[in-house]
Amino acid sequence: MFQYIVRRILIAIPVLLGVTIFNFLIIYMAPGNPVDMYINPDATEEDIQIKKEALGLNDPLYIQYFRWLGNILHGDFGISYTTYEPVLHIITERIGPTLLLMSVSLVVAYLIAIPIGIISATKQYSWTDYFTTTFSFLGVSIPPFFLGLGVMYVFAVVLQILPTGGMNTLGNEGGFLDTLFHLIMPVFVLSMGIAGSMVRYVRSSMLEVLGQDYLRTARAKGLREFVVTNKHALRNALIPIITIIGMDIPILIGGAVVTEQIFQWPGLGQLTIQSIGSRDYSVLMAINFSAAIVVLFSNLLTDIFYTVADPRIKYN
Amino acid sequence: MSMSNMKVEVDVPLSNHPSLEPANELGKEESYFRLIRKRYFKHKLAVVGLFVFLIIVLMALFAPVIAPGDPYDVNNQFEAKPSIEHLLGTDSVGRDVLSRLIYASRVSLAVGLGAVAIYVTIGTVLGAIAGYYGKWVDAVIMRLTDVFMSFPYLMVILVLVSILGPSLLNIIVVIGLLGWPAIARIVRGSVLSIKEMDYVKAGVALGFPVHRIVFKHILPNCLGPILVNATFGIASSIILEASLSFLGMGVQPPTASWGNMLTEAQSLTILASQPWLWLPPGLMILLAVLSINFMGDGLRDAMDPKRVR
């Protein structure tokens, strides 16, 4: 297993390099020139050329790539095209709210999906099963922005029991309950999409396990059905679910863009939309890059965790 | 399988030979598709999905006939409530919402079908190459899919579309160029297992060119999973386009898209006081995506090789 983990990490390295190359090429394609930031508008063509030479923009592409990669390794993501602040600083400010939103949504989604998936599997082809299947398809099919607008209309406009957006009520920063109140709607929207697909996975994974012989043995020795399903079956059914967590991360990040925009949640998703509006490609690429790193590492972690969780699997 | 080059012994009359009844033999050939069709139509939600999807396709094809008015025609009634004249009211510029809703189905279907056609082609070719040649070719292509899978889909698409300029064609191309990894993995997996089968080896031994073995002998056997994945892909591409257009990075007004018809509802006043502007397009996206997802589920069930009936 140790060998497998080492090999898995070694495989991740070329992928990581690929991510940086792809990322670099997109910045390179982007309109707007870093020189424009450093130079005043009435500079002559000669001045621009001198500045370009000094910034190394006339060097071959691969040298520019390695220089950019070196900077990133030092934590230098460059300077924002619009605010002239260091990009790293802008991003670290926004990462907290997004992590909060994403982690709460993930937990809520699983708390909804796992029980529903179990019930749906134990009562296969019953009305409950059809109902939950329809519900899960609804969760996957409803566009997050439409669901967002819908709950906002019901709870913030008509019933007026929830705030329309933001992370805190103005003038009341830092209150835990206040933030929790602001979390309800965005978390609902984000977790719906994940729960929808998760129910399907839990259901089919449970169905596979429920047909196994050792469960018949467990029933034969007189265990209650509740113990059989929720202890013997569920444990093994959840193992394949671990890999799904890794697959959910990119969906969460993408969903966060739309959800944060609707609910004015001050995280990376909202920053993405703002940066697209102001064509701030240095910020955009840093967000994309860090998101890709997060995805890569969460995949790596789930793969490793999977080998630990399931002793039956042998890797050679 | 063709019957024409089979040799039948002369002393037994063909009509008396039960096992060689051509109708029986051909019947078996056809029955796989018949079986799939039979299984598909047992899945009630999938049938409803197909029905709704066909209605949307007809709506897109015959938009000029069905729509009560011109989707671009600016009226002097702004933000009018639904009335007999404008069944779903008018938007902030005074355009008929119902007409725009009908025309917008064209955008969604174009993105869904166009983007998926592009990425299924790319994914199938890359997956087949990786699976068939194996070794370093496989390793390179699979690492490439890992790279593409590491980027959060919506974010990269947003950035690329904003660089290339938001337009219908660019959205189709960008989704098409980024969506292939899942298909590539599926095809590679199928090719890996199928290429070890004797009939493929027979093809190699007969000296058939590689493209014939891959496209004629191997790929038809991975059609099921590709088709299922493509169906779900159409649904998610429609959501993607709607999300991009909603965020202002997709199809640009005056062209109507279900997504950009919802953009205005980001303002609280419109959300609160003019539900006819955002409710119908949102429901249309939901209906289209839901029906396609049910179709995908029906196809998956029908083509499941583990299924007994």
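On a predicted model such as this, the values are computed, not experimentally measured, just so you know.

The rules behind each value
Residues numbered from 1 in each chain as written. Chains lettered and ligands numbered in written order. Predicted model: local features only at pLDDT ≥ 70, side-chain atom pairs only at ≥ 80, totals over all residues. Helix = DSSP H or I, 4+ residues; strand = E, 2+ residues; numbered from the N terminus. Contact = placed C-beta atoms within 7 Å. Buried ≥ 20, exposed ≤ 12 C-beta atoms within 10 Å, placed from the backbone. Core = buried A, V, L, I, M, F, W, Y, C linked by C-beta atoms within 7 Å. Axes fitted to C-alpha atoms, helices over the stretch in contact; angles between N-to-C directions. Left-handed = near helix turned anticlockwise from the far one by under 90°. Nonpolar A, V, L, I, M, F, W, Y, C, P; charged D, E, K, R; others polar. Expected span 1.5 Å × (residues − 1). Bend = angle between axes of the 7 residues up to and from the residue. pLDDT = per-residue confidence, 0-100.

**Looking at the overall build of chain B**
Logical step 1: Looking only at helices and strands, one finds 14 helices and zero strands in chain B.
Logical step 2: When the elements of chain B are put in sequence order from the N terminus, they spell out α-α-α-α-α-α-α-α-α-α-α-α-α-α.
Logical step 3: Contacts in chain B between residues at least 24 apart in sequence constitute 67% of all its contacts with a sequence separation of at least 6.

**Some remarks on the overall build of chain A**
Logical step 1: Along its length, chain A carries twelve helices and zero strands.
Logical step 2: Ordered by position in the sequence, the α and β elements of chain A form the string α-α-α-α-α-α-α-α-α-α-α-α.
Logical step 3: Along the longest, intermediate and shortest principal axes, the C-alpha atoms of chain A span 90 × 60 × 30 Å.
Logical step 4: Residue burial in chain A is summarised as follows: out of 316 residues, 34% are buried.
Logical step 5: Considering only residue pairs separated by 6 or more positions, chain A has 71% of its internal contacts joining residues 24 or more positions apart.

**Description of the nonpolar core**
Logical step 1: In this structure, V202 of chain A together with M155, I157 and L158 of chain B are the most contacted members of the largest nonpolar core, which totals 151 residues.
Logical step 2: The contact partners of V202 of chain A, leaving out residues within four places of it in the chain, are A113, I114, G117, I118, A237 and I241 of chain A.

**Structural notes on the packing of helix α7 (residues 144-158) of chain A against helix α8 (residues 176-210) of chain A**
Residue and element names in this part refer to chain A.
Logical step 1: The interhelical angle for the contact between α7 and α8, taken along N-to-C directions, is 145°, at an axis separation of 10 Å. Regarding α7 and α8, the two cross each other, and that crossing is right-handed. Here P144, L147, G148, V151, M152 and F155 of α7 come into contact with α8, specifically with M185, F188, V189, M192 and G193.
Logical step 2: When grouped by side-chain class, the residues that make up the contact of α7 with α8 number nine nonpolar, two polar and no charged.

**Some points on the environment of P240 of chain A**
Logical step 1: Note that P240 of chain A resides in helix α10 (residues 225-263).
Logical step 2: Spatially, the C-alpha atoms of P240 of chain A and A309 of chain A are 9.6 Å apart, while their sequence positions differ by 69 residues.

**Some points on the packing of helix α4 (residues 97-133) of chain B against helix α5 (residues 135-150) of chain B**
Residue and element names in this part refer to chain B.
Logical step 1: It is at 7 Å that the axes of α4 and α5 come closest, and there the two elements cross at 145°. Helix-helix and strand crossings are classified by hand; for α4 and α5 the assignment is left-handed. Counted together, L126, I129, A130, G131 and Y133 of α4 and K135, V137, D138, I141 and M142 of α5 form the full contact between these two elements.
Logical step 2: Taken together, the residues of the contact of α4 with α5 break down into seven nonpolar, one polar and two charged.

**Remarks on the interface of chain A and chain B**
Logical step 1: With 39 residues of chain A in contact, the opposing surface of chain B contributes 37 residues.
Logical step 2: Looking at the side of chain A that touches chain B, the elements that each hand over two or more residues are α1 (2-29), α6 (127-141), α7, α10, α11 (268-277) and α12 (281-309) of chain A.
Logical step 3: Looking at the side of chain A that touches chain B residue by residue, the class counts come to 32 nonpolar, seven polar and no charged.

**Considering α7 of chain A**
Logical step 1: Spanning 15 residues, α7 of chain A covers 20 Å between terminal C-alpha atoms, matching the ideal 21 Å at 1.5 Å per step.
Logical step 2: Of all the bends in α7 of chain A, the largest measures some 30° and sits at M152 of chain A.
Logical step 3: Along α7 of chain A, the positions that sit buried rather than exposed are P144, F145, F146, L147, G148, L149 and M152 of chain A.
Logical step 4: Buried residues along α7 of chain A sit against α8 and α10 of chain A together with α11 (223-246), α12 (258-262), α13 (268-273) and α14 (275-303) of chain B.

**Brief notes about the confidence of the model for chain B**
Residue and element names in this part refer to chain B.
Logical step 1: Across chain B, the average pLDDT comes to 82, with 87% of residues at 70 or higher.
Logical step 2: Segment residues 1-9: pLDDT under 50, and five contacts once partners within four positions in sequence are set aside and those in other chains are kept.
Logical step 3: Prediction confidence for the complex, expressed as pTM and ipTM, is 0.85 and 0.84 respectively.

**Examining the environment of L147 of chain A**
Logical step 1: With respect to the helices, strands and loops of the structure, L147 of chain A is situated in helix α7.
Logical step 2: Once residues within four sequence positions are removed from consideration, L147 of chain A is found in contact with I142, V189 and M192 of chain A.

**Observations regarding unusual backbone geometry**
Logical step 1: Here the amide bond leading from P253 of chain B into P254 of chain B is cis, since omega sits at 15°, within 30 degrees of zero.
Logical step 2: Tracing the chain through its elements places P254 of chain B in the loop between α11 and α12.
Logical step 3: Look at Q160 of chain A: it is not a glycine, yet its phi comes out positive at around 50°.
Logical step 4: Looking at the secondary structure, you find Q160 of chain A in the loop between α7 and α8.
Logical step 5: A residue is classified by how many C-beta atoms lie within 10 Å of it, and Q160 of chain A, with 9 of them, is exposed.
Logical step 6: In this structure, Q264 of chain A is a non-glycine residue whose phi angle is positive, near 50°.
Logical step 7: Inspection of the secondary structure puts Q264 of chain A in the loop between α10 and α11.
Logical step 8: When the 15 C-beta atoms within 10 Å are taken as the criterion, Q264 of chain A is described as partly exposed.

**Focus on the confidence of the model for chain A**
Logical step 1: Residues of chain A with pLDDT of at least 70 account for 91%, and the chain-wide mean is 82.
Logical step 2: Confidence, expressed as mean pLDDT per element, reaches its minimum in chain A at helix α2 (residues 34-38) of chain A with 61 and its maximum at α7 of chain A with 89.

**A look at the environment of V107 of chain B**
Residues and elements named next belong to chain B.
Logical step 1: With respect to the helices and strands, V107 occurs in helix α4.
Logical step 2: Under the C-beta neighbour-count criterion, V107 is labelled buried, with 24 such atoms within 10 Å.
Logical step 3: Once the C-alpha coordinates of V107 and W258 are considered, the two residues, 151 residues apart in sequence, prove to be 8.3 Å apart.
Logical step 4: Leave out the neighbours within four places in its chain, and V107 touches L168, E241, V251, T255 and S257.

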